[in-house]
Amino acid sequence: MTHKLAIPSDYATLLSELKWRITAARSRAVLAANGEQIALYHDLGKELLARREQEGWGAKVIDRLAADLSDAFPEMRGLSARNLKYMRYFAEHCPDGRIGQQPAAQLPWFHIVVLLTQVESSDERAWYAARAVTDGWSRPTLTQHIKSKLHLREGAAITNFATRLLDAEARKAQAVLRDPYHFDFLGLGDEAHERDIENALVRHITRFLLELGAGFAFVGRQVRLEVGGDEFFLDLLFYHTRLKRYVVIELKGEAFEPAHMGQLSFYLTAVDRQVKAPDDGATIGLLLCKSKNQVVAEYAVQDIAKPVGVAEYQLVKALPEPLDTVLPSIEALEAELAKESDDE
């Protein structure tokens, strides 16, 4: 006679708790292992830096050292001559093992390499390091944000948040908007119409969300609302999980006009009354236009009772001067390092 195993009534709760503990422990183990690796690389880099300054160690010695270390530790990755040079560069530019206020050990090694080789200013490097940690950026995402100069665009939209939201809410809401937005990934020219842009953004929703920033969740496009028997359609509706409020985005394939704000304000009222939950914050509106007169836009948003912002979008991005004109690329660093004399 077989007996069924009695499942305790609190089994599901226990299982959930144990899974959380295992996940947390694994995460701590990964962070600890990464911290040990970064500490090792920094220590090796300091030694190589000291040898260069005291004994003139150059590229040839590092090449030999890389070969000998790889032979001694064949299972260990990261002991190439290129990586040893990165370690030395790391120790030289981050002598305390920190990037700004951010412990470098909280970042994967090649995030650190990207920050060191693609960001010139120590303040900018610290900004990107902190954001990479808090938002969990992958290395391609970090690289893309550096190339698009996100630190100059974030929080730059024209808004009335300071007078329409509480101080803490206003600061958070301002920080999530950018100006300009880069939509060059759509493959559209400047002559594209609003609906073409909207369709393309939805087709490329993953890239669009990446450009919008962390916290945006896509709700829908051409969202229908009925007011007084009339139909209205929102271009794009999002929910921001960190701000805990809806965000209505309206696209205009033309230069900004003050009249645009009246339509957007109407949509916000409709969403607040028909869509948002009682515990959601007031809905925010963002008008994306092809171009804007800064002063006109500033005047226009101040007269709107709802929290709104205005920003431009760029379909064909005019990249800033190539990074390799102001920063040493990985290739340039290696070329410079290769020129070093070996006095041994």
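Anything mentioned here points back to the structure above.
If you're wondering where the values come from, they're calculated on a predicted model, not measured in any experiment.

Novice: How should the overall build of the protein chain be read in this particular structure?
Specialist: Looking only at helices and strands, the protein chain features 14 helices and nine strands. Oriented by its inertia axes, the alpha-carbon framework of the protein chain measures out at about 85 × 80 × 35 Å. Counting over 344 residues, the protein chain shows a buried share of 42%. When contacts within the protein chain are restricted to residue pairs at least 6 apart in sequence, long-range pairs at least 24 apart make up 64% of them. For the protein chain, the accessible surface area stands at approximately 18,800 Å², while carbon and sulfur atoms represent 53% of it. If the 41 positive side-chain charges of the protein chain are averaged to one point and the 50 negative ones to another, these points end up 5 Å apart.

Novice: What should I look at first to understand the pattern of salt bridges in this one?
Specialist: Two side chains of opposite charge can pair, provided their charged atoms sit close to one another. Tallying each qualifying case throughout the model produces 19 salt bridges. We note a salt bridge from Arg 131 to Asp 135, for which the minimum N-O separation is 2.6 Å. Placement of both Arg 131 and Asp 135 in helix H5 (residues 122-135) is noted, with a separation of four residues, approximately one turn of the helix. Residue Arg 131 is classed as buried on the basis of its relative accessible area of 15%.

Novice: So what exactly am I meant to see when it comes to the layout of surface pockets here?
Specialist: Over the atoms rolls a probe the size of a water molecule, and its path tells where empty space is left. The space that makes up the largest pocket amounts to roughly 240 Å³. The wall of the largest pocket is formed by 14 residues, among which Arg 131, Ala 175, Val 176, Ala 214 and Arg 242 lie closest to the centre. Among the elements that line the lining of the largest pocket, the one with the most residues is helix H9 (residues 167-176), at three residues. Among the residues forming the lining of the largest pocket, the class breakdown is six nonpolar, two polar and six charged.

Novice: I tried to follow empty space enclosed by the protein on my own but got confused; where do I start?
Specialist: On inspection of all chains with the given rule, the structure shows one cavity of 30 Å³ or more. Counted as a void, the largest cavity has a volume near 100 Å³. Surrounding the largest cavity, Gln 144, His 145, Ser 148, Arg 153, His 182, Asp 184, Phe 185, Arg 207, Leu 210 and Glu 211 form its lining. Looking at the lining of the largest cavity, the elements that each hand over two or more residues are helix H6 (139-147) and helix H11 (205-212). The biggest single contributor to the lining of the largest cavity is H11, with three residues.

Novice: Would you explain the packing of aromatic side chains in this entry?
Specialist: The geometry of an aromatic ring pair is captured by two quantities: the separation of the ring centres and the angle between the planes. Within this structure, the stated rule accounts for 13 aromatic pairs. Geometrically, the ring pair formed by Phe 183 and Phe 185 is edge-to-face, given 6.2 Å between the ring centres and 75° between the ring planes. Of the two residues examined, Phe 183 and Phe 185, each falls in the buried class. Through a chain of ring-to-ring contacts, three or more aromatic side chains come together here, namely Tyr 181, Phe 183, Phe 185, Phe 208, Phe 216, Phe 218, Phe 238 and Tyr 313.

Novice: Mind showing me how you'd approach helix H3 (residues 81-93) here?
Specialist: Residue pairs three or four apart in sequence face the same way in an α-helix, which turns once every 3.6 residues. Between the first and last C-alpha of H3 there are 19 Å, a value that for 13 residues agrees with the 18 Å anticipated at 1.5 Å per step. Judged by how many residues are buried, H3 sits mostly within the fold: 10 of 13 residues are covered. Turning to H3, its buried residues number three or more, namely Ala 81, Asn 83, Leu 84, Lys 85, Tyr 86, Met 87, Arg 88, Tyr 89, Phe 90 and Ala 91.

Novice: Can you help me understand the pairing of strand E9 (residues 308-314) in this one?
Specialist: Regular strands place side chains that alternate from one sheet face to the opposite one. With respect to burial, E9 is a largely interior element, six of its seven residues being buried. Here strand E3 (residues 158-159) runs beside E9; their pairing, made up of two bridges, is antiparallel. Looking at the pairing, Ile 158 lines up with Val 310 of E9. Note that strand E4 (residues 181-182) and E9 share two bridges and pair parallel. Bridging across to E9, Tyr 181 finds its partner in Tyr 313. Viewed along the sheet, the connection from strand E8 (residues 284-291) through helix H13 (residues 294-302) into E9 turns out right-handed.

Novice: Honestly, the pairing of strand E6 (residues 230-240) in this entry has me stumped. Any pointers?
Specialist: Sheet analysis places strand E5 (residues 216-227) next to E6, joined by 10 bridges and oriented antiparallel. Residue Arg 221 lies in a different strand from E6, and its bridge partner there is Leu 236. Inspection of the sheet shows E6 paired to strand E7 (residues 245-255) by five bridges, in the antiparallel sense. Bridge pairing in E7 links Leu 237 to Val 248. The hairpin turn running from E6 into E7, its antiparallel successor, is four residues long, and Lys 244 in that turn takes a positive phi close to 55°.

Cut-offs used in this document
- Residues numbered from 1 in each chain as written.
- Predicted model: local features only at pLDDT ≥ 70, side-chain atom pairs only at ≥ 80, totals over all residues.
- Heavy atoms only, no water.
- Helix = DSSP H or I, 4+ residues; strand = E, 2+ residues; numbered from the N terminus.
- Buried < 20%, exposed > 50% of the residue type's maximum accessible area, 1.4 Å probe, protein only.
- Contact = heavy atoms within 4.5 Å.
- Areas by Shrake-Rupley, 256 points an atom, 1.4 Å probe, with all protein chains shown as cover.
- Lys, Arg positive; Asp, Glu negative; His and termini not counted.
- Charge placed at Lys NZ, Arg CZ, Asp CG, Glu CD.
- Salt bridge = Lys/Arg side-chain N within 4 Å of Asp/Glu carboxyl O.
- 1 Å grid on protein atoms, 1.4 Å probe; cavity = no way out; pocket = protein on both sides within 12 Å on 5 of 7 lines; lining within 4 Å.
- Points joined across faces, edges and corners; volume = space filled by probe spheres on them.
- Nonpolar A, V, L, I, M, F, W, Y, C, P; charged D, E, K, R; others polar.
- Phe/Tyr/Trp six-rings, centres within 6.5 Å; stacked < 30°, edge-to-face > 60°.
- Expected span 1.5 Å × (residues − 1).
- Pairing = 2+ DSSP bridges.
- Right-handed = clockwise from strand over helix to strand, strands pointing away.

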